[in-house]
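# Survey of secondary and tertiary structure
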Amino acid sequence: MIRRHRGFMLKLAVAGALAGALAGVGCGGGGGVTIIETGAGAGGGTGSGGAAGAWTWSLPAGFPTPAVPADNPMSEAKVDLGRFLFFDRRLSGNGTQSCASCHQQDKAFTDGFATSRGSTGEFTHRNAQPLANVAYSPMLTWANPSLLTLEKQMEVPLFGENPVEMGINDGNKAEVLQRIATQSLYQTKFSAAFPGEASPVQWANVVKAIASFQRALISGNSKYDQFIAGKGTLTPTELRGMNLFFGEKAECFHCHGSPNFNDQFVHATTRVLETPFHNTGLYNIGGTGAFPEPNRGVFELTGLPKDMGMFRAQSLRNIAVTAPYMHDGSIATLEDVLDFYAAGGRNITSGPHAGDGRKNPLKSDLITLITLDAQEKADLVAFLKTLTDHDFLTNPKFADPFK
Amino acid sequence: MSKSFQSLLAVTGLIGAALLSACGGGDDAPVAPADKAVAITFAAVNGSTPVACGTSVTGMGSKAVTAAVKDLRFYITNLKLVNDKGEAVAVKLDANSWQLTQGAETVSLVDLENATGTCSTASNTTATNAVITGTVPAGNYVGLKASMGVPETLNHSAIAGGVAPLDNAAMAWSWQSGRKFAKVELDPVGGILKTVAATSSTAAVTSTITTFNFHLGSTGCTAKLDAAGAVVKDAAGNTVYTCTNPNVMDFSLASFNMDTQKVALDIGKLFSTTDITKENGGAAGCMSGATDPECPTMFSQLQVSFGSGSTGLPIAGGAAQQIFKAVAK
């Protein structure tokens, strides 16, 4: 009920923006919202001084202030340090991978693979997450309601052993930290980020700094954002796609309706938070409703039958550059994703995962058969491509500092 | 207002106590007995045979196969000695990197692997710990009670920058944002036949894998967000998690002499009703997953109720468990 209402409000807002733009009114359908460009070279996130550097959010229009853990406040120095650590291969056990190996800026911090290869050759179970606007995500990764902060989540890629990702373990964790601690660059940056600490090069601070860098990854300057702000136009096909997206026919907005185009969205002044997970009918092995191990959604954590196949709706920001899609990367293109949703699920006719996902007993009632003709699909894809924020993908503040 | 009133009361109470003891307190006031240092030694056995990295263990599992030990570690919490009056008295742990006390909670890591032989893996370390040390009030102690696990309030604390012995990366269990309570791993000779069941359109697929893992830990753990989306924390600042299946194992030894005996984990008994040559689904071995087909028989040995919809609590306080026992030093 609430979700539907919220979607409706969003639709109204979009309609208002549309009307304003069409009428040639320069206010962009505003409402007193100040827009601060965060694009390339625009100095997003600046406005502070001091060693530890107080932090000022520079946010796109319509973006509320993110919630930040009380024990890890943002600072310029921490974000700067976190950026270096994020891109540093020395932070893996064998020195071959950094966070950025699987979270590449030009792909909105994904890696283009269905699942990702860790530093020792093992593959992750699920598709690498995009990191744009991750500061607004109350729950992290595809289906784990136990991971509520970036600091906690980061223990998975750093220390996880099933599968091994960064490959830091009890045998090498002191050595890996020593690799960092012996660099004068890092001695300076850790001292700046954690002033007053006698020996700031500690794992807890590595995690805090990288989390701060991740929270700074704000993306809200796509063609769509510029259009909503009254600063740009959309083509007729993009506009038709937008109307389909926010309309009751395609119903995309129910699960992709927040400012981040998903439905788990938290900020500093959130009053009512919902954290839904959804079964979209991607699988239905043998007609039992089952998803393939070890990718059974929230069920993997809880073991509760109701949680089978339940995954988080992904943010659609920069979606055109984050293929392949779905939690297991099992759909290659946006066109195929639309075909999947239009069919109301996926019917797999052969192989070990055979089963008619359209009839999955736990499938969300929002995923139903809809008829989209070729033009409508093309329009929706055109709209989805307007969500790409090219400034974000090339912003030097988020780029590899070792290059 | 009421808080300061409470502390005033507390201070008054303290003064009262101080006055009493200063005056001798009357003839029936208990004389504070001197604490007694205790050291409780742990070990792993297969029946009556000591078990260590690099040695073969025989008769493992329901198929009685020979296997090599790959890992052998577990957390012990809530350690108590039982005196001759039948009272269970908590052991006050010494402070060292193998054991932690936080408030009323205690936890120790018993690490019986030394990174040699088949235990020579990336996540194993040469350091070992077989002894829990601490103090108890003077008395005549005849038994022992303890749990294999980590207290819930400490289970989900940070690994990165965590407090020893909860900073151990190998015992971290990011899956449930918690800890492995036990990590006991065997490599059976001849390997493990893994079978992916046939479906309506495909035949069964088999392959051979190397290690049967037994990882015990709390499952169904979710953290709480309040209505505003903030992470709910307890008074100590720990994130509040709720686990549907705590899976902490209780055991007690009615007769235990710490000077002449040690507490042994009998891995022969632990695996005795499980076929460790077969892997039929879920994680390799039993990693406590609620639908893992290798887990029901393992949990039966733990005497912990198992599976989705069950409580994950000890059955009758673990009264029927036989995997922990007292053996001669």
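The structure reproduced in this document is the subject of the present report.

### Here's the deal with the overall build of chain B
Assigned secondary structure in chain B consists of 4 helices and 23 strands. By the burial criterion, 46% of the 329 residues in chain B qualify as buried. Counted over contacts in chain B with a minimum sequence separation of 6, partners at least 24 positions apart contribute 70%.

### Description of the sheet that holds strand 14 (residues 192-196) of chain B
Ordered in space as 15-14-21 (chain B), the 3 strands form an open sheet in which the pairing is mixed. Each end of this open sheet is capped by a strand with a single partner; those strands are strand 15 (205-209) and strand 21 (278-279) of chain B.

### As for the packing of aromatic side chains
All names here are of chain A. If you walk through the whole model with that rule in mind, you get 30 aromatic pairs over all chains. Clustering of aromatic rings is evident, with ring pairs tying together F86, F87, F109, F213, F392 and F398. Over the aromatic face of Y283 sits the side chain of R346, whose NZ or CZ is 4.7 Å from the ring centroid.

### A short note on the pattern of salt bridges
All chains considered together, the criterion is met by 25 salt bridges over all chains. Across the pair R240 of chain A and D379 of chain A runs a salt bridge, and its minimum N-O distance is 2.8 Å. With R240 of chain A in helix 10 (residues 236-245) and D379 of chain A in helix 13 (residues 374-385), the pair connects residues that are 139 residues apart, well separated along the chain. Classification of D379 of chain A as buried rests on a relative accessible area of 2%. Here the residues in one salt-bridge network are D71, R73, E113, K183 and E185 of chain B, joined through shared partners.

### Section: the environment of T333 of chain A
All names here are of chain A. Residue placement: T333 occurs in the loop between helix 11 (299-302) and helix 12 (334-342). Take T333: its relative accessible area is 30%, and that puts it in the partly exposed class. T333 sits 13 residues away from A320 along the chain, and the two C-alpha atoms are 8.7 Å apart. A distance of 3.0 Å separates the side chain of T333 from the backbone nitrogen of D336, its partner in a polar contact.

### What to know about the interface of chain A and chain B
One frequent convention defines the size of an interface as the accessible area lost when the parts assemble. Each partner contributes to the interface: chain A provides 42 residues, whereas chain B provides 43 residues. Viewed at the interface, chain B and chain A are joined by 1 salt bridge. Taking the shortest distance from any N to any O, the salt bridge between K180 of chain B and E161 of chain A comes out at 2.7 Å. Linking chain A with chain B are 20 residue pairs in polar contact (both at pLDDT 80 or more), by the criterion used here.

### Concerning the side chain of D275 of chain B
All names here are of chain B. Tracing the sequence through the fold places D275 in the loop between helix 3 (267-270) and strand 21. Among the polar contacts made by the side chain of D275, one reaches the side chain of K63 at a distance of 3.1 Å. What D275 contacts, discounting residues up to four positions off in sequence, is S62, K63 and F212.

### A look at the state of the cysteines
According to the stated counting rule, one finds 3 disulfides over all chains in the structure shown. At a sulfur-sulfur separation of 2.2 Å, the disulfide partner of C221 of chain B is C243 of chain B. Given an S-S torsion of about 110 degrees, the disulfide between C221 of chain B and C243 of chain B has right-handed geometry. Here C221 of chain B, found in strand 17 (residues 219-223), pairs with C243 of chain B, found in strand 18 (residues 241-245); they are 22 residues apart in sequence, far enough to count as distant. Exposure class is identical for C221 of chain B and C243 of chain B. Each is buried. Linked covalently through their sulfurs, C286 of chain B and C295 of chain B form a disulfide whose S-S length is 2.1 Å. Across the S-S bond linking C286 of chain B and C295 of chain B, the dihedral sits near 100 degrees, which makes this disulfide right-handed. For C286 of chain B, a relative accessible area of 0% puts it in the buried group. C99 of chain A takes part in no disulfide bond, and the closest cysteine sulfur, belonging to C102 of chain A, lies 9.2 Å away.

### Things to note about the nonpolar core
Ranked by size, the top nonpolar core spans 64 residues in total, and within it I40 and I267 of chain B carry the most contacts. The greatest single-element share of this core, amounting to 9 residues, is contributed by strand 4 (residues 65-83) of chain B. Setting aside residues up to four positions removed in sequence, I40 of chain B forms contacts with L79, L81, V91, A130, V131, I132, L144, F256, M258 and V263 of chain B. With 54 residues, the next largest nonpolar core counts W57, F194, L217 and F392 of chain A among its residues.

Parameters and conventions
- Residues numbered from 1 in each chain as written.
- Chains lettered and ligands numbered in written order.
- Predicted model: local features only at pLDDT ≥ 70, side-chain atom pairs only at ≥ 80, totals over all residues.
- Heavy atoms only, no water.
- Helix = DSSP H or I, 4+ residues; strand = E, 2+ residues; numbered from the N terminus.
- Buried < 20%, exposed > 50% of the residue type's maximum accessible area, 1.4 Å probe, protein only.
- Contact = heavy atoms within 4.5 Å.
- Pairing = 2+ DSSP bridges.
- Phe/Tyr/Trp six-rings, centres within 6.5 Å; stacked < 30°, edge-to-face > 60°.
- Lys NZ or Arg CZ within 6 Å of the ring centre and 35° of its normal.
- Salt bridge = Lys/Arg side-chain N within 4 Å of Asp/Glu carboxyl O.
- Polar contact = N/O pair within 3.5 Å; in protein donor to acceptor, adjacent residues only side chain to side chain.
- Disulfide = S-S within 2.5 Å.
- Core = buried A, V, L, I, M, F, W, Y, C linked by side-chain atoms within 4.5 Å.

Everything listed is a geometric property; what it means functionally is a separate question.
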